[in-house]
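Per-entry structural report
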Amino acid sequence: MYLSKTEAAVLPTTLVGTPGRAPQATGRRRVWPLLGPAFVAAVAYVDPGNFATNFSGGAAFGYTLLWVIVAANLMAMLIQSLTAKLGLATGRDLATNCREQLPRPVTRGLWLQAEAVAIATDLAEIVGGAVALNLLFGVPLPAGGLITAVVAFVLLAAQSRGHRPFERVITGLLLVIGLGFGYTLVGSGVDVGGLAGGLVPSFAGPDSLVLAAGILGATVMPHVIYVHSALTPGRYGDVVTAGRSAEGRRRLLRAQRLDVLLAMGLAGLVNAAMLVIAAQLFTGGGDAGSLEGVHAGLGDQLGAGASLAFALALLASGFASSSVGTHAGQVVMAGFLRRHIPVLARRLITLAPALLVLLLGGDPTTALVWSQVVLSFGIPFALVPLLWLTSRRDLMGGWVNRRVTTVAGAVVAALIIGLNGHLLLGFVLG
């Protein structure tokens, strides 16, 4: 249900805007200022885990798993639209809505799994940033992990000046990633026949199934399902007033959907470019078994410019996604438990496993791939409550899902759960 006038009055203006006033502008000037939250979320869709899974998938199976990236990106658009809408309709993030609507034991269980997801997420981001610093400057991996964590703090400091500066920094880093792979894709070329064949759903044995789960977990990131719902209320002005009318809801939904379409579309193109580059250059003998191997292989086949573009994109990905992941951890704890811990303490807790992997000399790329498989198992724990909440008219009012939207979301959830179940059964049976 919408926030009451009393509730709206006690909320900060950063959440609901100036009481009684909705943004008044026309045409593009009414829409473009509302864009931004989805671009913050989109960074998580091109984090270092995506580098590992997409390049591994393209090198091992060519274009075969391209359809997984396309399907995962379409799922991401639907899911991020739903979580953004939940924030718009209720003025509260997904974790807070879960705490208010679900029994306490269920809420605590969801919080615990969300923290496990945060650790897996941080592992990918810190390891990816460390590898990039090592490739660019020869920084030892453990030191690179610490530097990445420090940079995440610096980026988060932009939030103290409001949402817009943080969104601009993160969007800028997202564009760096996109430009890096756009440059490399031009050099590698595209096999049109292979591209078309890769859009047909198929697998190539159990190993491809593991990588498919990794690609899914790397693309549909559970933690940004939580964080996106926390970003939208404070970015869309007075949603309480503007959303009461059908026209107001349509305008806000149009802006939110455009935000998701542009941001997730860019992330999807970047992910597809990674797999295409790997399929073109590394299938059947190229060394793409590690991020270091991809960097060296790009240099050998396309020149120093391509290897530099790859390393810079990986660095931008590690820095940006690490800051978003830290913010997501704060949102999850505050929402589920109504508690805050210092950002430094949270960073140290989630940083420890990543530093342990780097200190013990574990293979960074293998760690990245398996961290994404863990994330795939975490998706249903965010998606199922999201579908339940957004399908409730008593909570959402005029923002409630259409029946077709709920059915589509249920199909997505069933597919993800089925893939995870099949993968788990395969491990149990050997």
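Residues numbered from 1 in each chain as written. Predicted model: local features only at pLDDT ≥ 70, side-chain atom pairs only at ≥ 80, totals over all residues. Heavy atoms only, no water.

Taking an unreviewed UniProt entry as the reference, the protein chain is identified by name as Divalent metal cation transporter MntH belonging to Geodermatophilus siccatus. What UniProt records for the protein chain under Sequence similarities (unreviewed entry) is the sentence "Belongs to the NRAMP family." Of the comments in the UniProt record for the protein chain, the one headed Function (unreviewed entry) reads "H(+)-stimulated, divalent metal cation uptake system." (UniProt positions renumbered as here; feature names shortened; annotations may be inferred.)

**Points about the overall build of the protein chain**
Helix and strand counts for the protein chain stand at 21 helices and zero strands. Across the 430 residues of the protein chain, 58% fall into the buried class. Long-range contacts, defined as pairs at least 24 residues apart, comprise 85% of the intrachain contacts of the protein chain with a sequence gap of at least 6. Looking at the protein chain as shown, the accessible area adds up to about 16900 Å², and 67% of this sits on carbon and sulfur atoms. (Helix = DSSP H or I, 4+ residues; strand = E, 2+ residues; numbered from the N terminus. Buried < 20%, exposed > 50% of the residue type's maximum accessible area, 1.4 Å probe, protein only. Contact = heavy atoms within 4.5 Å. Areas by Shrake-Rupley, 256 points an atom, 1.4 Å probe, with all protein chains shown as cover.)

**Quick word on the layout of surface pockets**
In this structure, the second largest pocket spans a volume of roughly 460 Å³. Taken together, 17 residues form the lining of the second largest pocket, with Lys85, Leu253, Arg257, Val400 and Arg402 sitting closest to its centre. Secondary-structure elements contributing two or more residues to the lining of the second largest pocket are α6 (66-90) and α15 (246-282). Element by element, the count of residues in the lining of the second largest pocket is highest for α15, at seven residues. Grouping the amino acids of the lining of the second largest pocket by side-chain chemistry returns six nonpolar, five polar and six charged. (1 Å grid on protein atoms, 1.4 Å probe; cavity = no way out; pocket = protein on both sides within 12 Å on 5 of 7 lines; lining within 4 Å. Points joined across faces, edges and corners; volume = space filled by probe spheres on them. Nonpolar A, V, L, I, M, F, W, Y, C, P; charged D, E, K, R; others polar.)

**Examining the side chain of Thr390**
Following the sequence through the fold, Thr390 ends up in helix α19 (residues 364-390). Look at Thr390 and you get buried, because its relative accessible area is 0%. Looking at Thr390, its side chain comes within polar contact range of the side chain of Asn401, at 2.8 Å. Leave out the neighbours within four places in its chain, and Thr390 touches Leu82, Leu86, Met396, Val400 and Asn401. (Polar contact = N/O pair within 3.5 Å; in protein donor to acceptor, adjacent residues only side chain to side chain.)

**Some details on unusual backbone geometry**
Positive phi is not limited to glycine here, since Arg338 has a value of about 60°. As for its position among the elements, Arg338 is in the loop between α17 (304-337) and α18 (343-359). Looking at Arg338, the relative accessible area reads 65%, which means it is exposed.

**Quick notes on the pattern of salt bridges**
Per the counting criterion, the structure on display carries three salt bridges. Measuring nitrogen to oxygen at the nearest pair gives 3.9 Å for the salt bridge that ties Glu100 to Arg99. Since its relative accessible area comes to 38%, Glu100 is described here as partly exposed. The partner of Arg392 in a salt bridge is Asp394, and the shortest N-O contact between them spans 2.7 Å. Judged by its relative accessible area of 17%, Arg392 falls in the buried class. Salt bridges linked by common partners bring Arg92, Arg99 and Glu100 together as one network. (Salt bridge = Lys/Arg side-chain N within 4 Å of Asp/Glu carboxyl O.)

**What to know about the packing of aromatic side chains**
In this structure the tally under the stated criterion is seven aromatic pairs. Residues Phe55 and Phe181 carry aromatic rings whose centres are separated by 6.0 Å and whose planes lie at 40° to one another, so their mutual orientation is tilted. Here the residue Phe55 occupies a position in helix α5 (residues 48-61), and Phe181 occupies one in helix α10 (residues 163-188), the gap between them amounting to 126 residues. Considering the side-chain rings of Phe181 and Phe310, the 6.4 Å spacing of their centres and the 90° angle between planes classify their relative orientation as edge-to-face. With Phe181 in helix α10 and Phe310 in helix α17, the pair connects residues that are 129 residues apart, well separated along the chain. (Phe/Tyr/Trp six-rings, centres within 6.5 Å; stacked < 30°, edge-to-face > 60°.)

**Examining helix α12 (residues 206-219)**
The terminal C-alpha atoms of α12 lie 20 Å apart, and with 14 residues this matches the ideal 20 Å at 1.5 Å per residue to within 8%. α12 sits mainly inside the fold: twelve of its 14 residues count as buried. Those residues of α12 not exposed but buried are Ser208, Leu209, Val210, Leu211, Ala212, Ala213, Gly214, Ile215, Leu216, Gly217, Ala218 and Thr219. Elements in contact with the buried residues of α12: α5, α6, α15, α19 and α21 (403-429). (Expected span 1.5 Å × (residues − 1).)

**Overview of the nonpolar core**
In this structure, Phe181, Phe310 and Phe336 are the most contacted members of the largest nonpolar core, which totals 133 residues. When near neighbours in sequence (up to four residues on either side) are disregarded, Phe336 contacts Ala95, Cys98, Arg99, Thr107, Leu110, Trp111, Ala114 and Tyr226. (Core = buried A, V, L, I, M, F, W, Y, C linked by side-chain atoms within 4.5 Å.)

**Observations concerning the packing of helix α13 (residues 222-231) against α19**
Two elements in contact, α13 and α19, have axes whose closest approach is 7 Å; the angle formed by their N-to-C orientations is 35°. Residue-level inspection shows Pro222, Ile225 and Tyr226 of α13 in contact with α19, the latter providing Leu375, Gly378, Ile379, Phe381, Ala382 and Leu386. In the contact of α13 with α19, the residues fall into eight nonpolar, one polar and no charged. (Axes fitted to C-alpha atoms, helices over the stretch in contact; angles between N-to-C directions.)

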